[in-house]
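# Structural characterization, general
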Amino acid sequence: MPKTANLESKRLILELKLLADVGLVGFPSVGKSTLLSVVSSAKPEIADYPFTTIIPNLGVVRVKDGRSFVLADLPGIIEGAHQGKGLGLQFLRHIERCRIIVHVIDMSESGRDPVSDYKIIQKELKEYGFGLDKRPVIVVASKMDEEGAIDRLKEFEKKTKVKCLPISALTEEGVEELLYRCADLLDKTPAFPLFDKDEEELENKVYTLPEEEKEFEIKHPTNNTWVITGDKIIKFYRMTNISTDDGMMKLLTRLRKLKVDDKLEELGAKDGDLVYLDDFTFEYFR
Ligand SMILES: Nc1nc2c(ncn2[C@@H]2O[C@H](COP(=O)(O)OP(=O)(O)OP(=O)(O)O)[C@@H](O)[C@H]2O)c(=O)[nH]1
Ligand SMILES: [Mg+2]
């Protein structure tokens, strides 16, 4: 009969977090997927409606000087993402494992304000915790080919005092420079620990199976006697017909397999001592 008493069943929710060196972060439609498609052989979906990217895309980027890194194009983020709005939490969880962040800000006439876009995303990263807001960041001004983009960038830098790298995925202006900057920053950024201390304390619970019941124990009631106890071994003995050679061999093999003789020796049994197993008695010889 299989033993089922110690079996446990659990429902586990496993979370797969991708491992990338660089994460592209920004509002929906700022051009993250387009950038990934230009710098790697990845073929992400690109469209001018928000949340085109629902599942992160990865691409291997090769810099002209031979260095390479993995770039993740992540789903767009909106205000309240850290509380789960938009594709919020899914998105933020993926950044946890990125060593550096490329924060993409749309400088086209998109109807949104680049300054508030920047502030909202910084706030979301901060509110999420796990030090996301302290991760090294390269701020990128995207769609610089669009009319009015240069003025919007100047205005942005003046108001925020944040220096941006202007790029256009369309004309590829500034793209190579961005790759060099990413590679340089990665060279200076140590690998991010897989488990933040707080996260470990909060989330990691260790489950262990209950200790296996011992097969046998040995008692030593008097000077020259030893008693083998234990439900399992006694049950085995009772089910074995030791009046036959086969049965006796089976019992001895079982005792040897369990290393009963080694244990008796270790405890100090001497040749000629009597050993009891239920109603069976035999002499110990080494
Ligand atoms: N003019 C111009 N348009 C761009 C540029 N990069 C992207 N676009 C356009 O911007 C729109 C959104 O581009 P995506 O790359 O899908 O944007 P995303 O940031 O990945 O968007 P989500 O996946 O929704 O978060 C598309 O219509 C692109 O063609 C650029 O450098 N210049
Ligand atoms: Mg996208």
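Up top is the structure.
Okay, so let's go over this structure. Along each chain, numbering runs from 1 in the same order as the chain's sequence is written. Just so you know, chain letters begin at A and ligand numbers begin at 1, following the order they were written in. At least 70 in pLDDT is required for a residue's local features to be given in this predicted model, at least 80 for side-chain atom pairs to be given and counted, and no such filter applies to totals for whole chains, interfaces and linings, which use all residues. As a rule here, side-chain values come from all non-hydrogen atoms in the structure, and water together with hydrogens is ignored.

### Let's talk about the site of ligand 1
Any residue with a non-hydrogen atom lying within 4 Å of a molecule or strand is treated as near it. Every one of the 22 residues lining ligand 1 counts as a neighbour, but Lys 32, Ser 33, Thr 34, Thr 53 and Asp 145 are closest to it. The separation between an oxygen atom of ligand 1 and a polar main-chain atom of Gly 31 is 3.0 Å. Whenever a nitrogen or oxygen atom comes within 3.5 Å of another N or O atom, the pair is scored as a polar contact, on the condition that within protein one atom can donate a hydrogen and the other can accept it, and that pairs from neighbouring residues in sequence are kept only if both atoms are in side chains. Between ligand 1 and Glu 146, the relevant distance is 3.0 Å, taken from a nitrogen atom to a side-chain nitrogen or oxygen of the residue. For every accessible area listed, the method is Shrake-Rupley and the probe measures 1.4 Å; residues are considered covered only by the protein chains on display. Relative to its unbound accessible surface of 660 Å², ligand 1 loses 88% to contact with the protein.

### So, helix H3 (residues 114-128)
Note on conventions: DSSP H or I runs of at least 4 residues are helices, E runs of at least 2 residues are strands, and numbering of each starts at the N terminus. Multiplying 1.5 Å by the helix residue count minus one yields the expected span of that helix. Look at H3: 21 Å from first C-alpha to last across 15 residues, which is about the 21 Å you get at 1.5 Å a residue. The classification of residues rests on relative accessible area computed with a 1.4 Å probe and restricted to protein chains. Under 20% of the type maximum is buried, over 50% is exposed, and intermediate values are partly exposed. All of the buried residues in H3 are Pro 114, Val 115, Asp 117, Tyr 118, Ile 120, Ile 121, Glu 124, Leu 125 and Tyr 128. Downstream of H3 by a residue or two, Gly 129 has a phi angle that is positive, lying close to 90°.

### What about the sheet that holds strand E2 (residues 57-62)?
In any sheet, the strands associate via hydrogen bonds between backbone groups, in a parallel or an antiparallel arrangement. Pairing between two strands requires that DSSP report at least two bridges joining them. With mixed pairing, the 6 strands of this open sheet are ordered in space as E2-E3-E1-E4-E5-E6. At either end of the open sheet lies a strand with only one pairing partner, and these are E2 and strand E6 (165-166). Note: strand E4 (residues 100-106) against strand E5 (residues 137-142), 6 bridges, orientation parallel. Directly across from Asp 106, in E5, lies its bridge partner Ser 142.

### Section: unusual backbone geometry
Look at Lys 161: it is not a glycine, yet its phi comes out positive at around 60°. Following the sequence through the fold, Lys 161 ends up in the loop between helix H4 (149-160) and E6. Phi angles above zero are rare outside glycine, and Lys 259 is one such case at about 65°. With respect to the helices and strands, the residue Lys 259 is situated in the loop between helix H8 (245-257) and helix H9 (260-267).

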